[in-house]
Amino acid sequence: MWKELTKRFSSPDSLVSLILGLAVVIVIGAFAYRFLTGKTATAPSKESEKSAAEQKATLPTTHAVASGETLWSIAETYYK
């Protein structure tokens, strides 16, 4: 059995295929672990969530468009 395995892995192509296959399994396992544990790679911090909520609270709900205003100028007024 050992001789048969060494014959199969004596070719460089089969060794490269084995290494790439292991790399794929490790990457998929890492993604599955993160998915199942609920962890994300870029989770927003609580501070950024608070500042976004505070910013939304200060924005007006309506805006009367004046003559000559563009969408860009309105956005600059409120979002700076």
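Predicted model only: the values in this text are computed from it and were never measured.

Secondary structure assignment for the protein yields four helices and zero strands. Helices and strands appear in the protein in the N-to-C order α-α-α-α. The 80 residues of the protein split such that 2% are buried. Only carbon and sulfur atoms are counted for the fraction: they give 67% of the accessible area of the protein, which is about 7,700 Å².

The next subject is the environment of T37. On the secondary structure map, T37 appears in helix α2 (residues 12-37). A distance of 2.8 Å separates a polar side-chain atom of T37 from the backbone oxygen of Y33.

Time to look at a nonpolar patch on the surface. A grouping of M1, W2, L5, F9, L15, L18, I19 and L22 is seen on the molecular surface, where their side chains present a nonpolar patch of about 880 Å² in accessible area. Secondary-structure elements contributing two or more residues to the nonpolar patch are α1 (2-8) and α2. Top element by residues in the nonpolar patch is α2. It accounts for four residues. By secondary structure assignment, the location of I19 is in helix α2.

What counts, and where the lines are drawn
Residues numbered from 1 in each chain as written. Predicted model: local features only at pLDDT ≥ 70, side-chain atom pairs only at ≥ 80, totals over all residues. Heavy atoms only, no water. Helix = DSSP H or I, 4+ residues; strand = E, 2+ residues; numbered from the N terminus. Buried < 20%, exposed > 50% of the residue type's maximum accessible area, 1.4 Å probe, protein only. Areas by Shrake-Rupley, 256 points an atom, 1.4 Å probe, with all protein chains shown as cover. Polar contact = N/O pair within 3.5 Å; in protein donor to acceptor, adjacent residues only side chain to side chain. Patch = residues over 30% accessible without salt bridge, like charges linked within 9 Å, V, L, I, M, F, W, Y side chains within 5 Å. Salt bridge = Lys/Arg side-chain N within 4 Å of Asp/Glu carboxyl O.

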